[in-house]
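One-letter residues, chain by chain:
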Amino acid sequence: DPKIIQKPKYLVAVTGSEKILICEQYLGHNAMYWYRQSAKKPLEFMFSYSYQKLMDNQTASSRFQPQSSKKNHLDLQITALKPDDSATYFCASSQDLGGNQDTQYFGPGTRLLVL
Amino acid sequence: GDSVTQKQGQVTLSEDDFLFINCTYSTTTYPTLFWYVQYPGQGPQLLLKVTTANNKGISRGFEATYDKGTTSFHLQKASVQESDSAVYFCALVGGGNYKPTFGKGTSLVVHP
């Protein structure tokens, strides 16, 4: 059974619209993250949460807003979508935040295409 | 800041060939080094991890050695299979940090 679920797998949106990417993890982890992967750049860290609290935001734009309704959920709301937002978005989790030996586990990703 | 360099964008091999994927890093800390593998349509999966305490990681026939002198963490496998075709990412997490810095990835294509 998948331990990290991301929905939807594929998403097509029009410029200016708003979408929510869903992430749930069943690993019992306390820390969750969002990453973005686009064709031209390495995997980019976006956000980290620990016990449902935002710990780090490396995203320049306020159009990206993470939302954590439960400890094992971390959704990503993206508003005013732009074509440059087209990428695959990965959710990840780790047992705790902090400590460079703590391994992060990645979900299967949501592939977003903005037209 | 931390950085990871993977110079090889793509490596093409035949089954049973020897695999070598180059990774060098830069950090002022005592890092933990990772290799992740990403199969098509999936997220990155941990392949192996090496800390300052254990210089070598081995998993599924792959191995990587943490060389502080040359700041390298190359990935090797003695004999690749077609099923090893994937993208391989080298990553570093600096001491006192939790955010990995990823390399650009190396796409491995193995022909039968």
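Residues numbered from 1 in each chain as written. Chains lettered and ligands numbered in written order. Predicted model: local features only at pLDDT ≥ 70, side-chain atom pairs only at ≥ 80, totals over all residues. Heavy atoms only, no water.

1. Looking at the overall build of chain B
The number of helices and strands found in chain B is zero helices and twelve strands. For chain B, the sequential pattern of α-helices and β-strands runs β-β-β-β-β-β-β-β-β-β-β-β. In terms of overall size, chain B behaves like a compact globule, its C-alpha atoms giving a radius of gyration of 13 Å where 112 residues would be expected to give roughly 13 Å. Taking the principal axes of its C-alpha atoms as reference, chain B extends roughly 45 × 25 × 20 Å. Across the 112 residues in chain B, those meeting the buried criterion constitute 46%. Across chain B, contacts joining residues at least 24 apart in sequence account for 53% of those joining residues at least 6 apart. A total of about 5000 Å² of accessible surface is found on chain B, and carbon and sulfur atoms cover 49% of it. Taken as two groups, the 8 positive and 8 negative side-chain charges of chain B have centres that lie 13 Å from each other. (Helix = DSSP H or I, 4+ residues; strand = E, 2+ residues; numbered from the N terminus. Rg over C-alpha atoms; globule rule 2.2 N^0.38 Å. Buried < 20%, exposed > 50% of the residue type's maximum accessible area, 1.4 Å probe, protein only. Contact = heavy atoms within 4.5 Å. Areas by Shrake-Rupley, 256 points an atom, 1.4 Å probe, with all protein chains shown as cover. Lys, Arg positive; Asp, Glu negative; His and termini not counted. Charge placed at Lys NZ, Arg CZ, Asp CG, Glu CD.)

2. Some words on the pattern of salt bridges
Going through the model one piece at a time under the given rule, you end up with five salt bridges over all chains. Residue Arg-63 of chain A pairs with Asp-85 of chain A through a salt bridge whose shortest N-O separation is 2.7 Å. With Arg-63 of chain A in the loop between β6 (53-57) and β7 (64-67) and Asp-85 of chain A in the loop between β8 (75-78) and β9 (87-94), this residue pair connects regions lying 22 residues apart in the sequence. Among the salt bridges present, the one from Lys-56 of chain B reaches Glu-63 of chain B, with a minimum N-O distance of 3.1 Å. (Salt bridge = Lys/Arg side-chain N within 4 Å of Asp/Glu carboxyl O.)

3. Brief notes about the state of the cysteines
Residues and elements named next belong to chain A. All chains considered together, the criterion is met by two disulfides over all chains. Here Cys-23 engages in a disulfide with Cys-91; their sulfurs sit 1.9 Å apart. Across the disulfide from Cys-23 to Cys-91, rotation about the S-S bond amounts to roughly -70°, and the bridge is consequently left-handed. Within this pair, whereas Cys-23 is found in strand β3 (residues 19-25), its partner Cys-91 is found in strand β9, the two being separated by 68 residues in sequence. Judged on exposure class, the residue Cys-23 and its partner Cys-91 are both buried. (Disulfide = S-S within 2.5 Å.)

4. Considerations on the packing of aromatic side chains
On inspection of all chains with the given rule, the structure shows 17 aromatic pairs over all chains. A centroid spacing of 5.5 Å and a plane angle of 85° characterise the contact between Phe-106 of chain A and Tyr-36 of chain B, whose relative ring orientation is edge-to-face. Highlighted residues: Phe-106 of chain A in strand β10 (residues 105-106) and Tyr-36 of chain B in strand β5 (residues 32-38), drawn from two different chains. Their ring planes at 55° and their centres at 6.0 Å tell us that Tyr-25 of chain B and Tyr-66 of chain B sit as a pair that is tilted. On the criterion of sequence distance, the pair formed by Tyr-25 of chain B in strand β4 (residues 24-26) and Tyr-66 of chain B in the loop between β8 (62-65) and β9 (75-77) is long-range, its members being 41 residues apart. You'll find Tyr-25 of chain B and Tyr-66 of chain B in the same group, each marked buried. Among the aromatic residues, ring-to-ring pairing joins Tyr-33, Tyr-35, Phe-45, Phe-90 and Phe-106 of chain A together with Phe-34, Tyr-36, Phe-89, Tyr-98 and Phe-102 of chain B into one connected group. Over the ring of Phe-64 of chain A we find Arg-36 of chain A; its NZ or CZ atom is 5.2 Å from the centre of that ring. Seen from the ring of Tyr-66 of chain B, Lys-68 of chain B lies directly overhead, with NZ or CZ sitting 5.0 Å from the centre. (Phe/Tyr/Trp six-rings, centres within 6.5 Å; stacked < 30°, edge-to-face > 60°. Lys NZ or Arg CZ within 6 Å of the ring centre and 35° of its normal.)

5. A closer look at the interface of chain B and chain A
Taken together, the contacts link 24 residues of chain B with 22 residues of chain A. Buried area between chain B and chain A, summed over both chains or domains, comes out near 1700 Å², and the portion from carbon and sulfur atoms is 55%. Our count for the contact surface shared by chain B and chain A stands at one salt bridge. Salt-bridge contacts for Lys-99 of chain B lead to Asp-56 of chain A; the nearest nitrogen and oxygen are separated by 2.4 Å. Between the two partners, chain B and chain A, sit eight residue pairs in polar contact (both at pLDDT 80 or more). Looking at the side of chain B that touches chain A, the elements with two or more residues in it are β5, β6 (45-50) and β10 (86-93) of chain B. Considering only residue class, the side of chain B that touches chain A consists of eleven nonpolar, ten polar and three charged. (Buried area = accessible area lost by both parts, 1.4 Å probe. Polar contact = N/O pair within 3.5 Å; in protein donor to acceptor, adjacent residues only side chain to side chain. Nonpolar A, V, L, I, M, F, W, Y, C, P; charged D, E, K, R; others polar.)

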